[in-house]
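If you want the building blocks of each chain, they are given just below.
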Amino acid sequence: MNILILGGGGREHALAWAVMQNPKCDKLIVAPGNAGIAQIAECAALDILNGASVVNFCDENAIDFIIVGPEAPLAAGISDRLREAGFMVFGPSQAAAQLEASKAFTKEICAAVGAPTAGYGHFTDADAARAHIRAHGAPIVVKADGLAAGKGVIVAMSEAEALAAVDDMFGGEFGAAGAEVVIEEFMEGEEASFFVLCDGKDVLAIGTAQDHKRVGDGDTGPNTGGMGAYSPAPVLSDDIAAVAMERIVKPCMAEMTRRGMPYQGVLYAGLMIKDGQPRLVEYNVRFGDPECQVLMMRLGAQALDLMLACAEGKLAEAQVHWADDHALTVVMAANGYPGDYAKGSVISGLDTLPADSFHMCFHAGTAREKGQFVANGGRVLNVTARGSTLAEAQTRAYSMVDAIDWSGGFCRGDIGWRAL
Ligand code: AMP
Ligand code: GLY
């Protein structure tokens, strides 16, 4: 079959790498892709937020199956446009994508089914939000309701910080995303990510991961999109995952179906675990980035079969074949990230790296200039390895990092420390 993947980051490189290994894939196009993806698949310039353009492209290229990587096209309704045109899609509808696009929507779904999560208030008015903060005190969490590229959450350790966040959000710092604000109880515990597929009827767990959000070693410094990840997440034991499935994921998915917006695609549940009990931090309606890279490294070619079963409504018959293995990815970012950074620095040594089912350097933001790879984003490379232990995966990943010559970039030296 002819497959189109929408997106152009490390997540989409990992998806492409897994899909390409499956003999069901005759042709793969990634739009827009990047310089690393271009080494394994055809890349096409396409405005992936424009439904009409994507439908047209799929018609012209006889595409049979579309996998949507990022949240923005999902929240803009790309799956609906493609399904209306008769295409098979892996990704939720615009209505179902509210589970990521609106924090108030998710809190309300959780409340309707009694899924354990932080207590909250939902505000469209700054005075009421300030009164709520004064009544509850700090620490407290202030969130812009809508999509804010991962920047709309302020974990405030003081009341003053929380009040300032309310001023910023209602003052327009996050544009329309901040016109409504959710204020949550601060949850303590250890965070982990739980990934499931859902076809509107059945739910299938496909893996767990943990990421490192802070830019510096020892989990210090500002938040980022993720500086590294590993799978499985030891804190998310089988028992805790089963509780998360029965008390959080399945009831929410059933509620979505009951409301006439069945969820189809991957659901990424961010969980906070304390005293062996999971609570929901947030849902995302896509694979995590860089969590997808470690999941794909472990799932390999079967990832396509699973995504197809999901899109065809056949998850009840699907199974995940686990190897007893571990994967770890180290993000290499441009100097300055997550603040200002330069593009265009040359990266050498990439062609000397091993590329097999134990080692892959996925590209998150690279371009090709004069025959060389250059940095073209904040997070640039995802150096990923698999092993029979997490320590082995870590050693393999860092030995690849050592073989990369890039003075314009940096990485954390301690990815995986919490689990090791
Ligand atoms: P979110 O975008 O909702 O995942 O929030 C970003 C990060 O903020 C999460 O990964 C947590 O580390 C933190 N966070 C969000 N909500 C809470 C909460 N209620 N209590 C503690 N930390 C939170
Ligand atoms: N790595 C966090 C995310 O993809 O949201």
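Notes on the structure follow. (Residues numbered from 1 in each chain as written. Chains lettered and ligands numbered in written order. Predicted model: local features only at pLDDT ≥ 70, side-chain atom pairs only at ≥ 80, totals over all residues. Heavy atoms only, no water.)

**Details of the sheet that holds strand β21 (residues 372–375)**
- Reading across from one edge, β18-β21-β20 is the order of the three strands in this open sheet, with antiparallel pairing throughout. Edge positions in the open sheet fall to β18 (346–347) and β20 (366–369), since each of these has one partner strand only.
- As judged from the two bridges shared by β18 and β21, these two strands associate in the antiparallel manner. Paired with Val346 across the bridge in β21 is Val374. (Pairing = 2+ DSSP bridges. Helix = DSSP H or I, 4+ residues; strand = E, 2+ residues; numbered from the N terminus.)

**As for the site of ligand 1**
- Taken together, the neighbourhood of ligand 1 is formed by 15 residues, with Glu184, Glu185, Met187, Glu191 and Glu282 sitting nearest.
- One of the side-chain nitrogen or oxygen atoms of Glu282 is found 2.7 Å away from an oxygen atom of ligand 1.
- Considered on its own, ligand 1 offers 470 Å² of accessible surface; in the complex 87% of this is hidden by protein.
- Looking at the shell around ligand 1, the elements that each hand over two or more residues are β7 (140–144), β8 (153–156), β9 (181–185) and β16 (277–284).
- For the shell around ligand 1, a count of residues per class yields eight nonpolar, no polar and seven charged. (Near = heavy atom within 4 Å. Polar contact = N/O pair within 3.5 Å; in protein donor to acceptor, adjacent residues only side chain to side chain. Areas by Shrake-Rupley, 256 points an atom, 1.4 Å probe, with all protein chains shown as cover. Nonpolar A, V, L, I, M, F, W, Y, C, P; charged D, E, K, R; others polar.)

**As for the nonpolar core**
- By size, the foremost hydrophobic cluster in this structure holds 52 residues, and its most contacted members are Leu4, Leu99, Phe194 and Val249.
- Among residues more than four places away in sequence, those in contact with Phe194 are Ala205, Gly207, Thr208, Leu236, Ala241, Ala244, Met245, Val249, Leu267, Tyr268, Ala269 and Leu271.
- Listed in part, the 45 residues of the second largest apolar core include Cys25, Leu28, Ala318 and Val320. (Core = buried A, V, L, I, M, F, W, Y, C linked by side-chain atoms within 4.5 Å. Buried < 20%, exposed > 50% of the residue type's maximum accessible area, 1.4 Å probe, protein only. Contact = heavy atoms within 4.5 Å.)

**A few points about the sheet that holds strand β5 (residues 88–90)**
- The strand order across the open sheet formed by five strands is β3-β2-β1-β4-β5, and the pairing between neighbours is parallel. The open sheet has two edge strands with one neighbour each: β3 (42–43) and β5.
- In this structure, strand β1 (residues 2–7) lies alongside strand β2 (residues 27–32), joined through six bridges in parallel fashion. Counterpart to Gly7 in the pairing with β2 is Pro32.

From the geometry alone we can't say anything about function, so treat these as descriptive.
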